[in-house]
Amino acid sequence: MFLTDAFVMATFTVPEKITTDPQSMLWLLPLVAAISIVYKATKLPEIKFVNFLKETVILFGSIVVFMFVTALVLYSIAWLVIE
Amino acid sequence: MTESRPKENHTIFLLTVGLLAWLIPGAGHLMIKENKRAFIISVTIILTFCAGLYVGSIGIINPSGAKPWYVAQIMNSPIVAALGYLAKTGDYTVFGKPNEIGQIYTSIAGLLNLLCIVNAVYLAHLCKIETAGEPKCS
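Residues numbered from 1 in each chain as written. Chains lettered and ligands numbered in written order. Predicted model: local features only at pLDDT ≥ 70, side-chain atom pairs only at ≥ 80, totals over all residues.

Student: An account of the overall build of chain B is requested, with residue identities and associated values reported.
Tutor: In terms of helices and strands, chain B carries six helices and zero strands. Ordered by position from N to C terminus, the α and β elements of chain B give α-α-α-α-α-α. Sorting the 138 residues of chain B into buried and exposed places 45% on the buried side. In chain B, once contacts between residues fewer than 6 apart in sequence are set aside, the share between residues at least 24 apart is 74%. (Helix = DSSP H or I, 4+ residues; strand = E, 2+ residues; numbered from the N terminus. Buried ≥ 20, exposed ≤ 12 C-beta atoms within 10 Å, placed from the backbone. Contact = placed C-beta atoms within 7 Å.)

Student: Quick rundown of the overall build of chain A? Include the residues and the values.
Tutor: Along chain A, the regular secondary structure elements total three helices and zero strands. Reading the secondary structure of chain A in the N-to-C direction produces α-α-α. The C-alpha radius of gyration computed for chain A amounts to 19 Å, which surpasses the reference 12 Å derived for 83 residues by more than 25%, pointing to a less compact arrangement than a globule. By its C-alpha atoms, chain A is 60 × 40 × 15 Å across when sized along the principal axes. Considering chain A as a whole, with its 83 residues, one finds that 12% of them fall into the buried category. (Rg over C-alpha atoms; globule rule 2.2 N^0.38 Å.)

Student: How would you sum up the interface of chain A and chain B? Please name residues and give values.
Tutor: On the chain B side, the residues contacting the 19 residues of chain A number 27 residues. For the side of chain A that touches chain B, the leading source of residues is helix α2 (residues 28-43) of chain A, giving eight residues. In terms of residue class, the side of chain A that touches chain B is made up of 13 nonpolar, five polar and one charged. (Nonpolar A, V, L, I, M, F, W, Y, C, P; charged D, E, K, R; others polar.)

Student: How would you sum up α2 of chain A? Please name residues and give values.
Tutor: Taking 1.5 Å per residue, 16 residues should reach 22 Å; α2 of chain A reaches 22 Å between its end C-alpha atoms and fits that length. Listed as buried for α2 of chain A are A34, I35, S36, I37, V38, K40, A41 and T42 of chain A. (Expected span 1.5 Å × (residues − 1).)

Student: Residues and numbers for the packing of α2 of chain A against helix α3 (residues 35-56) of chain B, please.
Tutor: Look at α2 of chain A against α3 of chain B: their axes get within 9 Å of each other, and the N-to-C directions meet at 155°. With respect to α3 of chain B, the axis of α2 of chain A lies roughly antiparallel. As α2 of chain A packs across α3 of chain B, the resulting crossing turns out to be left-handed. Every residue of α3 of chain B that contacts α2 of chain A at P30, A34, I37, V38 and A41 of chain A is listed here: R37, I40, I41, T44, I45, T48 and A51 of chain B. (Axes fitted to C-alpha atoms, helices over the stretch in contact; angles between N-to-C directions. Parallel < 35°, antiparallel > 145°, perpendicular 65-115°, else oblique. Left-handed = near helix turned anticlockwise from the far one by under 90°.)

Student: Can you lay out unusual backbone geometry for me, pointing to particular residues and giving the numbers?
Tutor: Phi angles above zero are rare outside glycine, and K33 of chain B is one such case at about 65°. Of the residues examined, K33 of chain B has 13 C-beta atoms within 10 Å and is grouped as partly exposed.

Student: Describe the environment of Y92 of chain B, with residues and values.
Tutor: In this structure, Y92 of chain B sits in the loop between α5 (79-87) and α6 (96-130). Measuring from C-alpha to C-alpha, the distance between Y92 of chain B and Q73 of chain B comes to 17 Å, with 19 residues separating the pair along the chain. For Y92 of chain B, the residues in contact, after removing those within four places along its chain, are T13 of chain A together with S57, I58, G59 and A87 of chain B.

Student: Could you give an account of the nonpolar core, naming the residues involved and the relevant values?
Tutor: In this structure, V38 of chain A together with L112 and A120 of chain B are the most contacted members of the largest nonpolar core, which totals 41 residues. For this core, the elements supplying multiple residues, two or more each, are α2 of chain A together with α1 (7-23), α3, α4 (67-73), α5 and α6 of chain B. No other element matches the eleven residues that α6 of chain B contributes to this core. (Core = buried A, V, L, I, M, F, W, Y, C linked by C-beta atoms within 7 Å.)

Student: I'd like a rundown of the environment of A120 of chain B, residues and numbers included.
Tutor: Residues and elements named next belong to chain B. Counting through the fold element by element, A120 comes out in helix α6. In this structure the C-alpha to C-alpha distance between A120 and A21, which are 99 residues apart in sequence, comes to 7.3 Å. Other than its neighbours up to four places away in sequence, A120 contacts V17, G18, A21, G28, H29 and I32.

Student: How would you explain the packing of α2 of chain A against helix α3 (residues 49-82) of chain A if you had to name every residue and give the values?
Tutor: Residue and element names in this part refer to chain A. Running from amino to carboxyl end, α2 crosses α3 at an angle of 135°, the nearest separation of the two axes being 9 Å. Accordingly, the angle class assigned to the pair α2 and α3 is oblique. Crossing of α2 against α3: the hand is right-handed. Residues V32, A33, S36, I37, Y39 and K40 of α2 pack against F52, E55, T56, L59, F60, I63 and V64 of α3. Of the residues contributing to the contact of α2 with α3, the split by class is nine nonpolar, two polar and two charged.

Student: I'd love a proper account of the confidence of the model for chain B, names of residues and values included.
Tutor: Here chain B averages 87 in pLDDT, while 89% of its residues score no lower than 70. The ipTM assigned to the predicted complex is 0.86, against a pTM of 0.87. (pLDDT = per-residue confidence, 0-100.)

Structure (structure tokens):
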């Protein structure tokens, strides 16, 4: 039990290795999921599983699509400035 | 909650809900018997916060070097202050991408909890207006 506890504690005292490649942008997705879930949990008048799931997925999709479009616009501007 | 509840009692009730929501994410909603909301909020915020700590270690809680992040992080719970005290020893240094992602995760978790604190207090206040005479919320 002590070893298990020590192992769990140790994982929180040493940072993970994360490289600065395009794949690191995927860390955005769990965060967007958390934001969507908590926001919908506070905004829906009644929590019913199917409705809650539907609303959360819609919000998640909206945020991801909006961020993708924003990234595309910024990339285009950067490309125009550089070229 | 009854309509005869004195105004002071209602204020104390709202303060208690807000304080509980800060102490343990979701506890404010639990107090006003919004059990489903409480469960969802609690699990999501605690998981997001722990994910941030896992990625960046407790070194990402830096009360002196990263004050704006710390202000957002402490919205999670007062436990963050204890973690900040531990991290102040300087034994848990973290730089670069893990630091960045860890700080973003823990700070967003804190800001989400702030949203939940405000929501719990608002719902507790609405309880008084909507359930006149019925002991539903407290």
